[in-house]
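# Close look at the chain arrangement
These are the residues of each chain, in order.
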Amino acid sequence: MEIIDRAVNKNPDIDLDPRTLGFGKYFTANMFTSRWTPDQGWQNSCIEPYAPFSMDPASLVLHYGQEVFEGLKAFRHEDGSIHLFRPEYNCERLNRSARRLCMPELNVQANLEAMKRLVELEQDWVPGGEGALYLRPNMIATEAVLGVRSSTEYLYYIILSPVGSYFKDGWKPVKIATSQDFVRACKGGMGEAKTAGNYAASLLAQKTASESGCEQVLWLDAQERRYVEEMGGMNVMFVVDGVVCTAPLGGTILSGGTRDSIRILCEDHGVGFEERQLAIDEVLSGVAEGRVTEIFACGTAAVVTPVGMILHKGQQHEVPVGGPESITSTLYRTLCDIQRGRAEDRHNWLVRVV
Ligand code: COI
């Protein structure tokens, strides 16, 4: 793929200390863009200065939400080299989401090349230590028409954000609340696609959760409101009798890259891993009886974050948070160490950029 270079050279004008960066508040100087039409496919690929877009107010994405996105990270190693973590996983998932939303796919290698070129250009913006450079690829429908149908024009772009921790208190246990009134996704819906509508649908439940002092909503299945599925912006896992359990993919759950990495790390560590339906009642009685010993959130943004409390039907259920030898801590440390080059990358998850 030819990438036109219109980039500006700009050194970071922000403090890249991961402790003060927060999540997704700052953006680097340049972005990647590419446009799609039925005749020419993806064309006019370009790295250009980060700037607002000019869009027709009738653009389909603004009315009917035809959009898909991704989230992945680049890490700085102690020797100064920079690596993307499992970028092909994200490129492939973007294509799966695009198929669900009737949007054009991107060639995985071309997309990877765009990511590498942009991150290489913006290498000075990659924080060290426990920070990372978060990549946010996004595809939107740009045709200006009000009929409900899929667009004939698309814009794909990638922006970059130096980030620290997703949750404001870093690795501190988060509180989560089930939603009784709302659901995230039902079978046949868009739950397994990474698309804006799923996040828009979560906001009201997220607001209610926040008003009760919780950081995230814990979704229950849409049909029976009985089984735990995932959280507002990440997957969730439960350690039941020493086995890490999470909801099976089956149309309603986002197939998280971190979720998949944890599955593999559990195998490496000889820890059982099971994808099965888990009822909220089983979780809560398990917590009370000491059978559910840890709960954690996992996602690109959240990495691995312990859950310290579940609010369900007005009742608070304290969840034990293990020490440094807990499964949650071990998985968190192992993942961070691989990402930052401090542990062997046995599964070839890292793709070197510089
Ligand atoms: C990620 O973990 O990368 C996500 O996309 C979750 C998010 C919506 C912040």
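Everything here concerns the structure above.
Residues numbered from 1 in each chain as written. Predicted model: local features only at pLDDT ≥ 70, side-chain atom pairs only at ≥ 80, totals over all residues. Heavy atoms only, no water.

## With respect to helix 9 (residues 327-339)
Taking 1.5 Å as the rise per residue, helix 9 with 13 residues should run 18 Å; its terminal C-alpha atoms sit 18 Å apart, in good agreement. Where helix 9 is concerned, the buried positions are Ile327, Thr328, Ser329, Thr330, Leu331, Thr334, Leu335, Cys336, Ile338 and Gln339. (Helix = DSSP H or I, 4+ residues; strand = E, 2+ residues; numbered from the N terminus. Expected span 1.5 Å × (residues − 1). Buried < 20%, exposed > 50% of the residue type's maximum accessible area, 1.4 Å probe, protein only.)

## Here's the deal with the site of the ligand
Looking at the ligand, the residues that line it are Phe23, Phe69, Gly71, Tyr134, Arg136, Tyr166, Lys194, Tyr199, Gly233, Thr300 and Ala301. Measuring from an oxygen atom of the ligand, one finds a side-chain N or O atom of Tyr134 at 2.6 Å. Protein contact buries 90% of the 280 Å² of open area that the ligand shows by itself. Residue classes in the shell around the ligand are distributed as six nonpolar, three polar and two charged. For the shell around the ligand, the two domains that each supply at least three residues are domain 1 (4-164) and domain 2 (174-339). (Near = heavy atom within 4 Å. Polar contact = N/O pair within 3.5 Å; in protein donor to acceptor, adjacent residues only side chain to side chain. Areas by Shrake-Rupley, 256 points an atom, 1.4 Å probe, with all protein chains shown as cover. Nonpolar A, V, L, I, M, F, W, Y, C, P; charged D, E, K, R; others polar. Domains from an automatic or database assignment.)

## Regarding the packing of helix 7 (residues 257-269) against helix 9
Axis separation between helix 7 and helix 9 bottoms out at 10 Å; the angle between their running directions is 105 degrees. With respect to helix 9, the element helix 7 is oriented roughly perpendicular. Residue-level contacts link Thr258, Ser261, Ile262, Leu265, Cys266 and His269 of helix 7 to Thr330, Leu331, Thr334, Leu335 and Ile338 of helix 9. Of the residues belonging to the contact of helix 7 with helix 9, the class tally is six nonpolar, five polar and no charged. (Axes fitted to C-alpha atoms, helices over the stretch in contact; angles between N-to-C directions. Parallel < 35°, antiparallel > 145°, perpendicular 65-115°, else oblique. Contact = heavy atoms within 4.5 Å.)

## A short note on the environment of Gly308
With respect to the helices and strands, Gly308 occurs in strand 16 (residues 303-312). In this structure, the C-alpha to C-alpha distance between Gly308 and Phe296, residues 12 residues apart in sequence, is 8.6 Å. What Gly308 contacts, discounting residues up to four positions off in sequence, is Pro173, Val174, His317, Glu318, Val319 and Val321.

## Brief notes about the pairing of strand 5 (residues 72-76)
By the criterion of burial, strand 5 is predominantly enclosed, with four of the five residues buried. Across three bridges, strand 5 lies against strand 7 (residues 132-141) in antiparallel orientation. Bridged to Ala74 within strand 7 is Leu133. In terms of strand pairing, strand 5 meets strand 6 (residues 82-85) through three bridges, oriented antiparallel. Residue Arg76 lies in a different strand from strand 6, and its bridge partner there is Ile82. Taken together, strand 5 and the strand that follows it, strand 6, pair antiparallel across an intervening segment of five residues, in which Gly80 is found at a positive phi of about 95 degrees. (Pairing = 2+ DSSP bridges.)

## Examining the pattern of salt bridges
Enumeration over the complete set of coordinates arrives at 19 salt bridges. The partner of Glu105 in a salt bridge is Arg99, and the shortest N-O contact between them spans 3.0 Å. Since its relative accessible area comes to 35%, Glu105 is described here as partly exposed. Between Asp337 and Arg342 there is a salt bridge; the shortest N-O distance is 2.9 Å. Residue classification places Arg342 among the partly exposed positions, given a relative accessible area of 40%. (Salt bridge = Lys/Arg side-chain N within 4 Å of Asp/Glu carboxyl O.)

## Describing helix 6 (residues 203-211)
By the burial criterion, the buried members of helix 6 are Ala205, Gln206 and Ala209. Taken down its axis, helix 6 places every buried residue within 100 degrees of arc, on the same side. Facing away from the buried side of helix 6 by more than 90 degrees, the exposed set consists of Leu203 and Glu211. Positive backbone phi, approximately 85 degrees, marks Gly213, located one or two places after helix 6. (Arc of directions from axis to C-beta.)

## Quick word on the packing of helix 3 (residues 87-100) against helix 4 (residues 108-121)
Direction vectors running N to C along helix 3 and helix 4 enclose 125 degrees, while the axes themselves pass 10 Å from each other. Put simply, helix 3 runs oblique to helix 4. Between helix 3 and helix 4 the crossing geometry is right-handed. The segment helix 3 lies against helix 4, with Pro87, Glu88, Cys91, Glu92, Leu94 and Asn95 engaging Val108, Gln109, Asn111, Leu112 and Met115. (Left-handed = near helix turned anticlockwise from the far one by under 90°.)

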